[in-house]
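# Descriptive analysis of the structure
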There are 2 protein chains.
Amino acid sequence: MTMRVRIEDVAEAAGVSMKTVSRVLNNEPNVSERTRQQVEAAVEKLNYRPLPSARVLAGRKSYLVAMLFDNPSSNYLMEVELGVLDACQAQHYNLMLAPLVYDAKNIVAQVESLIVQSQLDGVVLTPPITDDAGVLKRLDELDIPYASVSAKEANRRIGVIVDEQGAVCAMMAHLVSLGHRRIAHIKGHPAHGASNWRLAGYREALKRAGLRYDRTLVVDGEFSYASGYAATNALLDLKQRPTAIFAANDDMAAGAICAICERGLSVPRDISVCGFDDTPIAHQIYPALTTVRQDTREMGRLAGIELLREIRERSSGSIVDVPYTLQLRRSTGPAPTT
Amino acid sequence: MTMRVRIEDVAEAAGVSMKTVSRVLNNEPNVSERTRQQVEAAVEKLNYRPLPSARVLAGRKSYLVAMLFDNPSSNYLMEVELGVLDACQAQHYNLMLAPLVYDAKNIVAQVESLIVQSQLDGVVLTPPITDDAGVLKRLDELDIPYASVSAKEANRRIGVIVDEQGAVCAMMAHLVSLGHRRIAHIKGHPAHGASNWRLAGYREALKRAGLRYDRTLVVDGEFSYASGYAATNALLDLKQRPTAIFAANDDMAAGAICAICERGLSVPRDISVCGFDDTPIAHQIYPALTTVRQDTREMGRLAGIELLREIRERSSGSIVDVPYTLQLRRSTGPAPTT
DNA sequence: CTGTTAGCGCCTTCAT
DNA sequence: ATGAAGGCGCTAACAG
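Residues numbered from 1 in each chain as written. Chains lettered and ligands numbered in written order. Predicted model: local features only at pLDDT ≥ 70, side-chain atom pairs only at ≥ 80, totals over all residues. Heavy atoms only, no water.

All names here are of chain A. Ordered in space as β7-β6-β8-β9, the four strands form an open sheet in which the pairing is parallel. Only two strands of the sheet have a single partner each, and these edge strands are β7 (218-219) and β9 (272-274). As defined by bridge partners, strand β6 (residues 183-186) adjoins β7 across two bridges and the pair is classed as parallel. Paired with H185 across the two strands is V218, which belongs to β7. On top of the sheet, helix α10 (residues 225-236) reaches β6, β7 and β8 (244-247); it is set at about 150° to β6, its chief contact. Sitting on the sheet, helix α11 (residues 250-262) touches β6, β8 and β9, and the angle it makes with β9 is about 160°. (Pairing = 2+ DSSP bridges. Helix = DSSP H or I, 4+ residues; strand = E, 2+ residues; numbered from the N terminus. Contact = heavy atoms within 4.5 Å. Axes fitted to C-alpha atoms, helices over the stretch in contact; angles between N-to-C directions.)

Shown next as structure tokens:
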């Protein structure tokens, strides 16, 4: 039975006092570089990790942050979570997962109770909670630092974003270069800011390409496979079908491909399809999906880093812009010649 | 800004010692009924709530359990995690996520350090850590309660299982009833017990159907999409192709479908494909995948419940058998008539 | 720059 | 049945 390694043991191993070890652990100033390295070596060697309860009890901080999310079963959130976890572990913070039931009626109360009961030092917000005015207001009132992942423009203070509108424009340009002129768009869930940006990018791209905006080609969706499937069936019933479909996320694009195949049509020969996110499903369907990749895990990590920075030193967290990349795969091809 | 109410304040208000208040709070014996009521009244009046950190630091329990896992980006684990979270929240325990690098060399040390440093009250094990003899041995030595999700038979003490062999047999019977005689199997990752059960079920089913075991029809895989794709290409290169492919999980089945489509063949007209797990991808690919469904979230929840039961009262946790169901979808059909 | 001395709020052990 | 003293592991405040 191994005994727990305490700060005292690290101090002894490094030949310094407990307090000096504590300084190093908390990135406090007034430690010489040499001493810092000695302490870090000892921490590494003994594999020391501070006991959260003791820190909380002695100090004023809880070293606990939570990630707030709504729809728990999405690949997107899983990836973000792992990234946030990376950031927290690197700085010896604990991460609490807070699955919320996104119900406008009591969401604010849920959040407040969570923060007070658990003594949270800060929270990471994910869509669509990033854009709930009530939650944001209460967070400000409680003076709790928070970082948002892909918040709407108006709500951005600290966190990460991707230039989604630019990404959509770039993807649309690709479709246009393939000869497509009738390009449809399946919108995302209206509560998510991403839905707006992606739609904005779609319209912007049409304008740049000199194509007119045809509202019959823009249909509602809600980010789910089923909604993409339904939306595509509506598009296929049109007198004049689109030659390409840009779905606001991969799941809906997968649903679109299914609907197209079921009618005996071929992707991309008859209709090209592209998505957004580059979730695992993108390369696990046939044909592999052309999509926009955003590094969600990295986004989570950066959001975590900015949050912790803000917690450590107020007003020092910022917005980080994470680059996107186009993943051109088999689901897009030249427009059919009519 | 009010000062925090401490146990001392309650003691004073009730006219007793701190320890007596503590006894009442923890339902310990040796408190007269009259005293108990006085204390409870004081607690109520002052709206006192014990501070978790202080409790953990002073006591021996941490109210913290961890879920150990290896491959973080799998739908399977995400679901299990949510289930475990359900169980923990219901009993006011905290869940810590422990992504491990499964490297036989230091996995035991990683686990030990995690447990000791974080003062874990128990852990939930997921495959393949469930079957790492070194880890299990050390867990027993440390006398740390643990619950396993789908452990190998020999390692089952507390946790949840599914009759995977029976499930595979049932699915195979379905294929046989569709007229298939040349049925291939893509094996799972060798370190996972599930791979063995599924292979065993495959052989068992062949025997029951009076079909001979043809080793050229059984190929290696490792649960990844890419491995399913590669394995299927090998099968399609055979002089005598299979008419059905049973992949040990859904990701590999998706890879199989892709490989088949790429050769211009059709699923299920030329070849039927089925998988295992019923992860989201199963109904997000075309054609929708016939597969075995196991309720992974429920499995996580039950594993959490059994673990907490064991923590509360030793030797009271047990093994729970979770039922499976066959999901018959479009990827399987009648065997082609030769 | 570094070390010493007190606790943080609660539970444990050992008295009474 | 109850209480007093001591410490859990860490950090804040104050020395040097």
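Let's pick the thread back up.
Right, let's talk about the protein's contact with DNA strand D for a bit. Within the structure, DNA strand D sits among 26 residues, and I7 and Y48 of chain A together with T20, N30 and T35 of chain B are positioned closest to it. In this structure, A54 of chain A approaches DNA strand D through a main-chain N or O atom, which is 3.4 Å from a base nitrogen. Taking T20 of chain B, its side chain carries an N or O atom lying 2.6 Å from a phosphate oxygen of DNA strand D. Of all the secondary-structure elements, those providing two or more residues to the surface near DNA strand D are α2 (18-25) and α4 (52-58) of chain A together with α2 (18-25) and α4 (52-58) of chain B. By residue class, the composition of the surface near DNA strand D is 11 nonpolar, eight polar and seven charged. (Near = heavy atom within 4 Å. Polar contact = N/O pair within 3.5 Å; in protein donor to acceptor, adjacent residues only side chain to side chain. Nonpolar A, V, L, I, M, F, W, Y, C, P; charged D, E, K, R; others polar.)

Once that is clear, we can look at the interface of chain B and chain A. Every contact between the two is made by 37 residues of chain B and, on the other side, 40 residues of chain A. Taking both partners together, chain B and chain A bury about 3300 Å²; carbon and sulfur atoms supply 62% of that area. Looking only at chain B, the three residues that lose the most surface to chain A are Q117, Q284 and Y286 of chain B, adding up to 22% of its buried area. There are zero salt bridges connecting chain B and chain A. Where chain B meets chain A, there are four residue pairs in polar contact (both at pLDDT 80 or more). (Buried area = accessible area lost by both parts, 1.4 Å probe. Salt bridge = Lys/Arg side-chain N within 4 Å of Asp/Glu carboxyl O.)

Moving on, we get to the sheet that holds strand β3 (residues 122-125) of chain B. All names here are of chain B. Spatially, β2-β1-β3-β4-β5-β11 is the arrangement adopted by the six strands of the open sheet, whose pairing is parallel. The open sheet has two edge strands, β2 (94-99) and β11 (319-322), and neither has a second partner. Here the strands of the sheet are splayed against their neighbours by 20° on average, with no regard to which way each runs. Here strand β4 (residues 146-149) runs beside strand β5 (residues 159-162); their pairing, made up of two bridges, is parallel. Looking at β5, one finds that S148 is bridged to G159.

The next thing to look at is the packing of helix α5 (residues 75-90) of chain B against helix α12 (residues 296-312) of chain B. All names here are of chain B. Packing of α5 against α12 leaves a shortest axis separation of 6 Å and a crossing angle of 40°. Taken together, the axes of α5 and α12 are oblique relative to one another. Of the two elements, α5 crosses α12, and the hand of that crossing is right-handed. Contact residues: α5 offers Y76, E79, V80, L82, G83, V84, D86, A87 and C88, while α12 offers T296, R297, G300, R301, G304, I305 and L308. (Parallel < 35°, antiparallel > 145°, perpendicular 65-115°, else oblique. Left-handed = near helix turned anticlockwise from the far one by under 90°.)

Moving on: the UniProt feature "domain: HTH lacI-type" (unreviewed entry) in chain A. UniProt feature "domain: HTH lacI-type" (unreviewed entry): in the numbering of this structure it lies at residues 5-59 of chain A. Across residues 5-59 of chain A, the secondary structure splits into 67% helix and 0% strand, with the terminal C-alpha atoms separated by 20 Å. (UniProt positions renumbered as here; feature names shortened; annotations may be inferred.)

The next thing to look at is the protein's contact with DNA strand C. Near DNA strand C there are 24 residues, and of these T20 and T35 of chain A together with I7, K19 and Y48 of chain B occur at the shortest range. At the protein interface, 62% of the atoms of DNA strand C within 4 Å belong to sugar or phosphate. Backbone polar atom of S32 of chain A to a phosphate oxygen of DNA strand C: 2.8 Å apart, as the coordinates give it. Measuring from a base oxygen of DNA strand C, one finds a backbone N or O atom of A58 of chain A at 3.2 Å. Taken together, the elements giving at least two residues each to the surface near DNA strand C come down to α2 and α4 of chain A together with α2 and α4 of chain B. Looking at the surface near DNA strand C residue by residue, the classes come out as 11 nonpolar, eight polar and five charged.

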